[in-house]
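# Secondary and tertiary structure notes
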Amino acid sequence: MCDVLEQLNALLQERRHADANTSYVASLHHKGLNKILEKVGEEATETLLAAKDAQHSGQLDALVYETADLWFHSLVMLSHLGADHTQVLQELQRRLGTSGLVEKAQRTS
Ligand SMILES: N=c1c2ncn([C@@H]3O[C@H](COP(=O)(O)OP(=O)(O)OP(=O)(O)O)[C@@H](O)[C@H]3O)c2ncn1[C@@H]1O[C@H](COP(=O)(O)O)[C@@H](O)[C@H]1O
């Protein structure tokens, strides 16, 4: 499934300087970082609401849909700043096997 992230990453790079009239990704870059951050915040809120609904209804479809929106806009944010999913995956890989409780206790500040 990581192939999906690779394919999406290629599309995001391709659309970085595309025509804003024909590409949603290009339109976000054209509007700038503040607009992209606004979308990330909006999608995060929609994801939280979907999670609360899922808790009560047991239906996961809307939660999966909103989480995809959140991931997508987060990837656009990374792309806008010259980063991509590979750095996030590397960071998650680095953390594999280290308990969050142990890591937190080792923090200097
Ligand atoms: N994965 C996605 C994806 N997920 C969500 N979205 C869009 O994100 C937007 C979020 O929905 P909203 O209701 O919040 O959007 P909106 O209200 O129109 O947005 P605003 O007016 O508030 O800015 C919708 O327009 C969705 O279509 C996506 N748009 C594009 N992609 C991928 O990006 C690729 C390139 O897209 P284009 O740049 O449009 O060609 C596509 O082939 C897809 O693989």
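Everything below is about the structure shown above.
The notes below deal with the structure included here. (Residues numbered from 1 in each chain as written. Predicted model: local features only at pLDDT ≥ 70, side-chain atom pairs only at ≥ 80, totals over all residues. Heavy atoms only, no water.)

Time to look at the overall build of the chain. Scanning the chain from N- to C-terminus turns up six helices and zero strands. If you list the helices and strands of the chain from N to C, you get α-α-α-α-α-α. Computed over C-alpha atoms, the radius of gyration of the chain comes to 17 Å, more than 25% over the 13 Å expected from 2.2 N^0.38 for 109 residues, which places it beyond the range of a compact globule. Taken along its principal axes, the extent of the C-alpha atoms in the chain is 50 × 40 × 30 Å. Out of the 109 residues belonging to the chain, those deemed buried represent 25%. Considering only intrachain contacts with a sequence separation of at least 6, the fraction spanning at least 24 residues in the chain is 57%. For the chain, the accessible area works out to roughly 8,000 Å², and carbon and sulfur atoms hold 57% of it. Measuring between centres, the 10 positive side-chain charges of the chain sit 8 Å from its 15 negative side-chain charges. (Helix = DSSP H or I, 4+ residues; strand = E, 2+ residues; numbered from the N terminus. Rg over C-alpha atoms; globule rule 2.2 N^0.38 Å. Buried < 20%, exposed > 50% of the residue type's maximum accessible area, 1.4 Å probe, protein only. Contact = heavy atoms within 4.5 Å. Areas by Shrake-Rupley, 256 points an atom, 1.4 Å probe, with all protein chains shown as cover. Lys, Arg positive; Asp, Glu negative; His and termini not counted. Charge placed at Lys NZ, Arg CZ, Asp CG, Glu CD.)

Summed over all chains, the structure comprises one cavity of 30 Å³ or more. Its boundaries defined by the atoms lining it, the largest cavity holds a volume of some 50 Å³. Around the largest cavity, the lining residues are Leu 5, Leu 8, Asn 9, Leu 12, Leu 75, Leu 78, Ser 79, Ala 83, Asp 84 and His 85. Contributing elements (two or more residues each) for the lining of the largest cavity: helix H1 (2-15) and helix H4 (61-80). A total of four residues in the lining of the largest cavity trace back to one element, the largest contributor, which is H1. The residue inventory of the lining of the largest cavity, partitioned by class, reads six nonpolar, three polar and one charged. (1 Å grid on protein atoms, 1.4 Å probe; cavity = no way out; pocket = protein on both sides within 12 Å on 5 of 7 lines; lining within 4 Å. Points joined across faces, edges and corners; volume = space filled by probe spheres on them. Nonpolar A, V, L, I, M, F, W, Y, C, P; charged D, E, K, R; others polar.)

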